[in-house]
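# Chains, contacts and geometry: an overview
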Amino acid sequence: MVVAKVFKFEKQFDGFPQETDLKLVEEQLPEIKDGEFLAEAVYLSVDPYMRAYAPRLPLGETYVGGQVAKVTESKNPKFPVGKYVVAHFGWRTHTISDGKRTPGWTIPMVLPDFGGLPASLALGVLGMPGNTAYFGVTDILQPQQGHTVAVTGAAGAVGSLVGQICKIKGCKVIGIAGSDEKGKWLVDELGFDSFINYKSDDVGKALKEAAPQGVDRYFDNVGGEISSTIINQHMKNFGRVAVCGCISGYNEKEPPKATPIQKGVLRHQLRMQGLHSTRWEDKWMEGILQNKKWIEEGRLKYRETVTEGFENMFKAFTDMLRGGNFGKAIVKV
Ligand SMILES: NC(=O)C1=CN([C@@H]2O[C@H](COP(=O)(O)OP(=O)(O)OC[C@H]3O[C@@H](n4cnc5c(N)ncnc54)[C@H](OP(=O)(O)O)[C@@H]3O)[C@@H](O)[C@H]2O)C=CC1
Ligand SMILES: O=C(O)CCC[C@H](O)\C=C/C=C/C=C/C(=O)C/C=C\CCCCCO
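For every chain, the first residue of the written sequence is number 1, and numbering continues from 1 along that sequence. Here the convention is simple: chains get letters from A, ligands get numbers from 1, in the order in which they are written. At least 70 in pLDDT is required for a residue's local features to be given in this predicted model, at least 80 for side-chain atom pairs to be given and counted, and no such filter applies to totals for whole chains, interfaces and linings, which use all residues. Only heavy atoms go into the side-chain values, all of them from the structure, while hydrogens and water stay out.

### Comments concerning the site of ligand 1
We call a residue near a molecule or strand whenever a single non-hydrogen atom of that residue lies within 4 Å of it. The full set close to ligand 1 counts 26 residues, and Lys182, Tyr198, Tyr250, Ser277 and Asn325 are the nearest of them. We call two N or O atoms a polar contact when they sit within 3.5 Å, provided that within protein one can donate a hydrogen and the other can accept it, with sequence-adjacent residues counted only if both atoms are side-chain atoms. Between a nitrogen atom of ligand 1 and a main-chain N or O atom of Cys244, the distance comes to 2.9 Å. Tyr250 is positioned such that a nitrogen or oxygen atom in its side chain is 2.7 Å from an oxygen atom of ligand 1. Relative to its free-state accessible area of 910 Å², ligand 1 is covered by the protein chains to the extent of 90%. For the purposes of this entry, the term helix denotes a DSSP run of H or I that reaches at least four residues, the term strand denotes a run of E that reaches at least two, and both are numbered from the N terminus. Those elements that provide at least two residues to the shell around ligand 1 are α2 (128-141) and α9 (313-321). By the convention adopted, Pro, Cys, Tyr, Trp, Phe, Met, Ile, Leu, Val and Ala count as nonpolar, Lys, Arg, Asp and Glu as charged, and the other residues, Gly among them, as polar. Of the residues in the shell around ligand 1, the class split is 14 nonpolar, 11 polar and 1 charged. Boundary definitions for the domains trace back to an automatic or database domain assignment. Counting residues domain by domain, the shell around ligand 1 receives three or more from each of domain 1 (2-123 + 303-332) and domain 2 (128-277). Per-residue and other accessible areas were derived by the Shrake-Rupley procedure at a 1.4 Å probe size, with only the shown protein chains allowed to occlude residues.

### Considerations on the nonpolar core
One recurring pattern in soluble globular proteins is that nonpolar side chains are buried together. Here, the term nonpolar core denotes a set of buried Ala, Val, Leu, Ile, Met, Phe, Trp, Tyr and Cys residues that are joined through side-chain atoms within 4.5 Å. Type-normalised accessible area, obtained with a 1.4 Å probe on protein chains alone, sets the label of each residue: buried when under 20%, exposed when over 50%, and partly exposed for intermediate values. Formed by 45 residues in total, the largest nonpolar core has its most connected members in Phe114, Leu126, Val162, Cys166, Leu186 and Phe219. A per-element tally of this core places α2 first, with 6 residues. Here this core gathers at least three residues from each of two domains, domain 1 (2-123 + 303-332) and domain 2 (128-277). Throughout, a residue-residue contact means that at least one pair of heavy atoms, one from each residue, lies within 4.5 Å. Contacts of Val162, omitting those with residues within four sequence positions, involve Ala133, Val137, Val151 and Phe219. Formed by 23 residues, the second largest nonpolar core is a distinct cluster that contains Tyr49, Val64, Met320 and Ala329.

### A short note on the packing of aromatic side chains
Pairing of aromatic side chains here covers Phe, Tyr and the six-membered ring of Trp, requires ring centres within 6.5 Å, and sorts the geometry by plane angle: under 30 degrees stacked, over 60 edge-to-face, intermediate tilted. Applying the stated criterion across every chain, the model contains 17 aromatic pairs. On the basis of an interplanar angle of 55° and a centroid distance of 6.4 Å, the ring pair of Phe37 and Phe89 is categorised as tilted. On the criterion of sequence distance, the pair formed by Phe37 in strand β3 (residues 37-45) and Phe89 in the loop between β5 (84-87) and β6 (94-97) is long-range, its members being 52 residues apart. Across this residue pair, the class does not change: Phe37 and Phe89 are buried. Taken together, the aromatic side chains of Phe7, Phe9, Phe13, Tyr63, Trp91, Phe310 and Phe317 make up a single cluster linked through ring pairs. In this scheme, Lys NZ or Arg CZ marks a charge over a ring once it lies within 6 Å of the ring centre and within 35 degrees of the ring normal. Between the NZ or CZ atom of Lys182 and the centre of the ring of Phe326, over which it lies, the distance is 5.9 Å. The side chain of Arg303 reaches across the aromatic face of Trp185, ending 5.2 Å from its centre.

### Observations concerning the environment of Val151
As for its position among the elements, Val151 is in strand β8 (residues 148-152). Val151 gets classed as buried once you look at its relative accessible area, which sits at 0%. Considering only alpha carbons, one finds Val151 and Gly223, 72 residues apart in sequence, at a separation of 11 Å. Not counting the four nearest positions on each side in its chain, Val151 is found in contact with Gly159, Val162, Gly163, Val173, Ile174, Gly175, Ile176, Phe192, Phe219 and Asn221.

### Considering the state of the cysteines
Here, the term disulfide refers to a pair of cysteine sulfur atoms separated by no more than 2.5 Å. All told, the structure shown has 0 disulfides when counted by the stated rule. With no disulfide partner, Cys166 has as its closest neighbouring cysteine sulfur the one in Cys171, 5.1 Å distant. For Cys166, a relative accessible area of 0% corresponds to the buried category. Between Cys246, a cysteine without a disulfide, and Cys244, which holds the nearest cysteine sulfur, the sulfur-to-sulfur distance is 9.4 Å.

### Regarding the side chain of Asn76
Mapped onto the secondary structure, Asn76 falls in the loop between β4 (67-74) and β5. If sequence neighbours within four positions are ignored, Asn76 has contacts with Gly35, Glu36, Phe37 and Asp98.

Geometric descriptors of this kind do not, in isolation, establish any biological role.
So this is what it looks like as structure tokens:
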């Protein structure tokens with residue numbers, strides 16, 4: 001008899017998540033049936049969407065999330081024993097799956113050959129965040145050689161890759177994030193051209209110094225007043241803004257107030273577009289293969305912030321929301 005540890009969504013978040021909002025329980029799993037397989041979580045992801053989507057999630061259910069799991073029993077030939085899968089099984093250690101899509105989430109996928117790279121990357125640079133960065137830059141932002149690009153959430157899973165991909169495209173990249181240590185990593189190790197600490201610098205003033213002629217492309221991971229400042233005061237005419245996330249407001253009890261951006265969009269005739277990684281589901285492997293190639297060529301670096309122990313999922317999640325992560329935040333079971 002297999003016993004799964006599962007985090008259930010006990011109470012709707014009210015502001016910043018509290019430990020008592022989720023409940024760790026044990027579930028006895030039945031024997032697998034024909035067409036099913038049993039998978040044991042090896043790495044689990046903690047992502048901002050888990051906070052952003054919370055108001056729409058049902059209470060009493062397993063909390064949402066992606067994981068890399070090892071198939072330990074199988075009566076489904078597409079998911080043989082020993083293979084690793086990446087799937088939205090949620091915050092749980094063991095899962096019985098029929099390999100089909102859970103409505104509203106992604107379909108379980110056997111990990112492609114990562115050529116010796118760690119399987120955990122399926123939650124980061126070789127998974128959803130990596131593809132958000134890759135397609136967000138190539139399809140939405142479309143930076144040209146010589147462009148100046150600003151990216152917020154710059155030291156996180158998506159932002160750290162966005163900046164590097166823009167460097168690969170020949171751009172000047174300005175990263176905006178929440179600590180000088182993050183800035184040092186971005187500039188010294190990832191090759192960003194400059195860094196702004198939004199917690200200690202005046203973002204408008206610092207951006208004027210870093211990009212006196214203005215910004216051609218802005219990849220927005222945070223929303224709020226920082227984005228209003230960039231859009232209203234720093235974009236060049238006909239610039240593009242890719243709206244990827246608005247984490248600055250996810251934990252707020254009331255919708256955050258920020259200076260309206262319409263004036264800036266109009267004055268500079270900007271093209272501003274929201275994006276959601278799932279729109280590229282039909283060409284998902286293109287992003288994974290390109291990011292993998294850039295890693296192998298030494299042109300794309302990744303970093304993971306690893307929390308040990310399934311019991312520490314909540315801590316890893318809230319540490320990430322507070323900015324404790326460099327690159328992708330994951331949990332190792
Ligand atoms: N559209 C899509 O398909 C996707 C969108 N996203 C979005 O992209 C963004 C980044 O996601 P991801 O890379 O996974 O997460 P990160 O790895 O960037 O982690 C979240 C980071 O957000 C920063 N942060 C927290 N609070 C604030 C705040 N008030 N203002 C500014 N920054 C803050 C913290 O860094 P710091 O120290 O800099 O504050 C923290 O490390 C999120 O908004 C997310 O919702 C992510 C994946 C897919
Ligand atoms: O309120 C909002 O909508 C804000 C959303 C913020 C969020 O972080 C943005 C994007 C989230 C991306 C999540 C990607 C995932 O991998 C998990 C989510 C969804 C998978 C859905 C698959 C549907 C296939 O049809």
